[in-house]
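Descriptive structure summary
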Amino acid sequence: MTLALLCSGQGRQDSALFRLFEGRAAPILDAASVTLGTDIHAFVAHASEADLYANRASQILCVARALATADALFPDGAPPATLVAGYSVGEVAAWGVAGVWSPADTLALVDARARAMDAASGPDDGLGYVRGLSRETVATLAAAFDCAVAIVNPDRLIVVGGTRAAVAALCTAALAQGALRAGAMPVHVASHTPRLTDAVAPFAHALAEIDPLRPKLRLVSATDQGIVGIPARATAGLAAQVATTIDWAALLEALAERDVTHVLELGPGSALAEMARPVLPNAQVRAVDDFRTLEGVQDWLAR
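**What about the pattern of salt bridges?**
One pass over the structure, following the stated rule, counts 10 salt bridges. R115 is the partner of D111 in a salt bridge, and the nearest nitrogen-oxygen pair spans 3.0 Å. In this pair, D111 and R115 both sit in helix α6 (residues 103-120), 4 residues apart, roughly one turn of the helix. By relative accessible area, D111 is classed as buried at 13%. Note that R131 is salt-bridged to D155, the shortest N-O span being 3.1 Å. Here D155 lies in the loop between β4 (148-153) and β5 (157-163) and R131 lies in strand β3 (residues 125-131), a separation of 24 residues in the sequence. Each of the salt bridges in this network shares a partner with another, and the network as a whole consists of R56, D111 and R115.

Structure, rendered in structure tokens:
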């Protein structure tokens, strides 16, 4: 079995985010509470939707979820041949899951990333999506509306960023040009666009403050779809990602080329698993959120 673990990005936070854990991964969730500044279980149980989707909180929640899930599923460590990759902020989680940083350091770094992005972002910035048009067509529309392509997904699903008003206008124009769907996303920064250029240096500085370890798993970078062998040489690319386009479609193709047989999305959500299925048609693809228990996930992995 060649397993790929996918660490999710923002967009699927809810009150059930940590429902599967039942006391497992407690040190990681305790560290996440310290980073968040409040008990993480109480926060997800009682926070408003606006608070759950606020940039800093949502990034911490998503990274905590991936770290806790990996720890609970693989208490003795995932098999060394396992690949791990992450979508947007999920790549920070992926570096932690791969053992480049401790959970506490991973959470501190995602906090620094989120704070840098909030400081650089305009108050009305956000993301939207367009499905059904080519990347070239969406890029032309983005330029016309002072937006930028943020993430390229499979099946002609493109994420764009800019001011919320500009993104809304772009989506309206995309529908007029034949897009199947288009609309705003619950993300309140223009991630992976030049609007966040000023966030790159502060995040790079934070990364430089923590000495990375050699990955225990095969860490696949969304920057160039290569395996990260020496993390210190890849941190510049990780920092630059906050202001540059991510080609997630290319990353999934890279997993297919590495003969991945099983794909597991750590969550929250199942969007990455859904995108992976048509790209890796011969692989078994699931999301942790498909299961009722972690034992169910472990049973699936053991088959």
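**With respect to helix α7 (residues 135-144)**
By the burial criterion, the buried members of α7 are V138, L141 and A142. Considered in projection along α7, the buried side chains sweep an arc of 105 degrees and stay on one side of the axis. Among the exposed residues of α7, those pointing more than 90 degrees away from its buried face are E136, T140, A143 and A144. Buried residues along α7 sit against β3, β4, β5 and α8 (164-176). Among the residues trailing α7, D146 stands out with phi positive, at a value near 55 degrees.

**Observations regarding the sheet that holds β5**
Ordered by their spatial adjacency, 5 strands build an open sheet running β6-β3-β5-β4-β8, and the pairing between neighbours is mixed. Where the open sheet ends on each side, the last strands, each with one partner, are β6 (181-184) and β8 (246-247). Sheet topology note: the β3/β6 ladder contains 4 bridges and is antiparallel. Residue pairing across strands places G128 opposite A184, the latter belonging to β6.

**Section: the environment of Y87**
Of note, Y87 is situated in the loop between β2 (83-86) and α5 (90-97). The class for Y87 is buried, based on a relative accessible area of 13%. With 40 residues separating them along the chain, Y87 and L127 place their C-alpha atoms 15 Å apart. In this structure Y87 touches C7, S8, G9, I151, N153, V159, W248, L272 and M275, once residues within four positions along its chain are discounted. A distance of 3.1 Å separates a polar atom in the side chain of Y87 from a polar atom in the side chain of N153.

Criteria and cut-off values
Residues numbered from 1 in each chain as written. Predicted model: local features only at pLDDT ≥ 70, side-chain atom pairs only at ≥ 80, totals over all residues. Heavy atoms only, no water. Salt bridge = Lys/Arg side-chain N within 4 Å of Asp/Glu carboxyl O. Helix = DSSP H or I, 4+ residues; strand = E, 2+ residues; numbered from the N terminus. Buried < 20%, exposed > 50% of the residue type's maximum accessible area, 1.4 Å probe, protein only. Arc of directions from axis to C-beta. Contact = heavy atoms within 4.5 Å. Pairing = 2+ DSSP bridges. Polar contact = N/O pair within 3.5 Å; in protein donor to acceptor, adjacent residues only side chain to side chain.

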